[in-house]
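Tertiary structure, described
Given next are the chains, with one letter for each unit.
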Amino acid sequence: MPISTRETTPTTSSAGAVSGGIVTALSVGASDMSGWLLMGVPGSVYLFGISQSWIAIGLTIGAYLNWQLVAARLRVYTEKAHNSLTLPDYFTHRFEDKGNLLRIIAAVVILIFFTIYCASGVVAGARLFENTFHMDYETALIIGAAATILYVFIGGFLAVSWTDTIQASIMCIALVVTPIAVCMDAGGFFESIEQIRSINPKMLDIMEGQTAVGIISLLAWGLGYFGQPHILVRFMAAKSIAVIPNARRVGIIWMIFCLAGAIGVGFFGAAYFSLHPADAGLVQENNERVFIVLSSLLFNPWIAGLLMSAILAAVMSTLSCQLLVCSSTLTEDFYHTFVRPKASQRELVWFGRSMVLLISVLAIWLASDPESLVFSLVSYAWAGFGAAFGPVILLSLWWSRMTRNGALAGIVTGAATVLVWNHFAWFGLYEILPGFVFASIAIVVVSLLDKAPSKAVAERHESVLAEFRRLEAETRAESALGPAARPMLRVCSTLNGNVAAKRIFQTASRTFC
């Protein structure tokens, strides 16, 4: 039985299951790797050396596990759960929350942390316009935000998914080309290493300045992937689970190249500016400018413009998706559910667009401080989503005994822990880890103390698992067969896995393999 296509409004949600493998992979990557990839990571490595690469290791492991444990199951489950369009929508239908309390709490968490996340994108865009066109920070802030808002209005989710694919390609090229150019300017790879060694040999030590708590905190960034709404909605929009394996491979390869390039920009940038101290002024003022300054110094203006457009691509791809998720949350989970259940599609579209403007204004206000750092804003929002939603998503897909009250306890505990831990900064531990652990414990304890889920919820969970196993088996079988056998396999799949279908499939396998 093929996965159906879902129709939605163009500015509110996932635009149906329309994204293929490569589009899904690169749109997930572009939505994930915002301006912090080209500014935050290089800036951190520029200051502290290769020891900051622990975060890249944690992110790569987390992304792979997210593709492996969440992507396909969430794609199947959201369709079974009344074709859910948003994360709060999924939670509501997954646990049959007739009082909509789960929808409201989840939506509030999304709006709080996404506004902070959007602010980080606005800061990154402002830094780009500020340094490229020599604008004052306030003007650059408004222009950068306006460009993204216009971009969202023109296309909606489907256009964002396709343009994210192009933007992801630009980001990858920029991050691979720039460190290579830096090494060539310094005389080669080994010469660059020796130059860095002459500055500070500790920059070559991956353990330098790191404690056990520090390494655990950096690796814990990987936990955030399980709860990021702007990434999870891309899984929900995949064409079918058949595209997931290829998307996972493409996505992880793209991610490795980008993270390695980002580390290389900061690491070899230190060598470049030690050789050219007269050019290091802007970077000394703000280390997150290292990619921008290197691009403008090492390449002719045309190439530099193309490379710096990677920052705009990163900012617009992530910020646009975040604005759409915020808009869809306010539109679908508040306005359409509680205020105007019978609202027309046109009305929902215009309400969604007005919500994009509202969230943008709040994000601009939060980003108005010229001292704002992209990395710190992303870190806070990333932890909030990872702790509040990550355990809920994982356990809702894998544990049938989980209840609605358990989900509520998990979301509230995770979000509250992040807010409190970030304020007091206990033990120097990144707040996502205690938030994730405490939320998981809260879910399990409350669910076990609560009455078991209804028969309908339990049966739907089992049907989802059965459907997932069937589709996964078909995907593996189709991958193993030659091209000539695949049409036969698709015919077999329409028979819903009965005995006849199995026999036909076995015959097809023997005939075409």
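Structure's up top.
Just so you know, these numbers come straight off a predicted model, no measurement behind them.

1. Observations concerning the packing of helix α4 (residues 54–80) against helix α10 (residues 229–236)
Describing two packed helices takes the angle between their axes plus the distance from one axis to the other. The interhelical angle for the contact between α4 and α10, taken along N-to-C directions, is 60 degrees, at an axis separation of 8 Å. Considering the angle they form, α4 stands oblique to α10. The handedness of the crossing between α4 and α10 is right-handed. Only Ile231, Leu232, Phe235 and Met236 of α10 make contact with α4, whose side of the interface consists of Asn66, Trp67, Val70, Ala71, Leu74, Arg75 and Thr78.

2. Some remarks on the state of the cysteines
Here is the idea: a disulfide is a covalent bond, and it sits between the sulfur atoms of two cysteines. One pass over the structure, following the stated rule, counts 0 disulfides. Of the cysteine sulfurs around Cys258, a residue in no disulfide, the closest is that of Cys172, at 4.1 Å.

3. Some points on empty space enclosed by the protein
Scanning the entire structure with this criterion turns up 4 cavities of 30 Å³ or more. In this structure, the second largest cavity encloses a volume near 90 Å³. Residue lining of the second largest cavity: 13 residues in total, with Val28, Asp32, Ala63, Trp67 and Met255 positioned closest to the centre. Taken together, the elements giving at least two residues each to the lining of the second largest cavity come down to α1 (21–32), α4, α10 and α11 (244–275). Ranked by residue count, the leading element in the lining of the second largest cavity is α1, at 4 residues. Its residues assigned to classes, the lining of the second largest cavity comprises 9 nonpolar, 3 polar and 1 charged.

Cut-offs used in this document
- Residues numbered from 1 in each chain as written.
- Predicted model: local features only at pLDDT ≥ 70, side-chain atom pairs only at ≥ 80, totals over all residues.
- Heavy atoms only, no water.
- Axes fitted to C-alpha atoms, helices over the stretch in contact; angles between N-to-C directions.
- Helix = DSSP H or I, 4+ residues; strand = E, 2+ residues; numbered from the N terminus.
- Parallel < 35°, antiparallel > 145°, perpendicular 65-115°, else oblique.
- Left-handed = near helix turned anticlockwise from the far one by under 90°.
- Contact = heavy atoms within 4.5 Å.
- Disulfide = S-S within 2.5 Å.
- 1 Å grid on protein atoms, 1.4 Å probe; cavity = no way out; pocket = protein on both sides within 12 Å on 5 of 7 lines; lining within 4 Å.
- Points joined across faces, edges and corners; volume = space filled by probe spheres on them.
- Nonpolar A, V, L, I, M, F, W, Y, C, P; charged D, E, K, R; others polar.

Everything listed here is a matter of coordinates, which is why it stays silent on function.
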